[in-house]
Amino acid sequence: MKKKSVIPDSVTVIESRAFLGCSNLTKIFIPKSVVSIDTKAFLGCDKLTIYAEATKRPKGWIKEWIPFPFSIFEYDALNWNPDKRPVKWGATKADFDKA
C-alpha cells in the first residue's frame, strides 16, 4: 500500500471517505486547487500528516456548517479530518518531498 500521495492540481474535490482505512498512508500533499473536502475523507489514516498548499483551511473543507451550539458527535461526524491528523499549512511540494 502507498505510504505517500500527491493530489494532482486538476483535482478540486476530495470525496467523503476517499482515503478510508488507508492506514499505511503517512503523508499526503493537497494543492490549492482542492476547494472542497467532504466528511471523513481521511478516516482511519492513523499515521497521516497532511501537507496543504493553502495557508489556512478553506471554507469548503467541511461539508456542512453546524450552528452553535452543537455536540462534539455532530461536529466529528461532519469533519473532513475527524482523526485530527496534523496539518502543515502553507506547504510546498518541496516541503512534502523532503519530509
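Relevant structure appears above.
Keep in mind the model is a prediction, meaning the values are calculated, not measured.

A.B. asks: Can you walk me through the sheet that holds strand β1 (residues 4-6) in this structure?
C.D. replies: Strand pairing in a sheet is mediated by backbone hydrogen bonds. Such pairs are either parallel or antiparallel. Across the sheet, which stays open at both edges, the 4 strands sit in the order β1-β3-β5-β6 with parallel pairing between neighbours. The sheet is open, and its two borders are formed by β1 and β6 (87-89), each paired with just one other strand. Each adjacent strand pair in this sheet contributes to an overall mean axis angle of 15°, direction not counted. Bridge count for β1 against strand β3 (residues 27-30) is 3 bridges, and the pairing is parallel. Within β3, the residue paired with Lys4 across the bridge is Lys27.

A.B. asks: Looking at this model, I keep getting lost on the nonpolar core. Mind explaining?
C.D. replies: Looking at soluble globular proteins, one finds that nonpolar side chains tend to be buried together. Core analysis: the largest hydrophobic core is formed by 17 residues, its most contacted members being Ile14, Phe19, Ile28, Ile30, Ile37 and Phe42. Residue assignment for this core shows that the elements contributing at least two residues are β3 and β5 (49-52). Excluding anything up to four places from it in sequence, Phe42 contacts Ile14, Phe19, Ile28, Ile30, Ile37, Leu48, Ile50, Trp80 and Asp83.

Analysis parameters
- Residues numbered from 1 in each chain as written.
- Predicted model: local features only at pLDDT ≥ 70, side-chain atom pairs only at ≥ 80, totals over all residues.
- Heavy atoms only, no water.
- Pairing = 2+ DSSP bridges.
- Helix = DSSP H or I, 4+ residues; strand = E, 2+ residues; numbered from the N terminus.
- Axes fitted to C-alpha atoms, helices over the stretch in contact; angles between N-to-C directions.
- Core = buried A, V, L, I, M, F, W, Y, C linked by side-chain atoms within 4.5 Å.
- Buried < 20%, exposed > 50% of the residue type's maximum accessible area, 1.4 Å probe, protein only.
- Contact = heavy atoms within 4.5 Å.

Coordinates in, geometry out; function isn't part of it.
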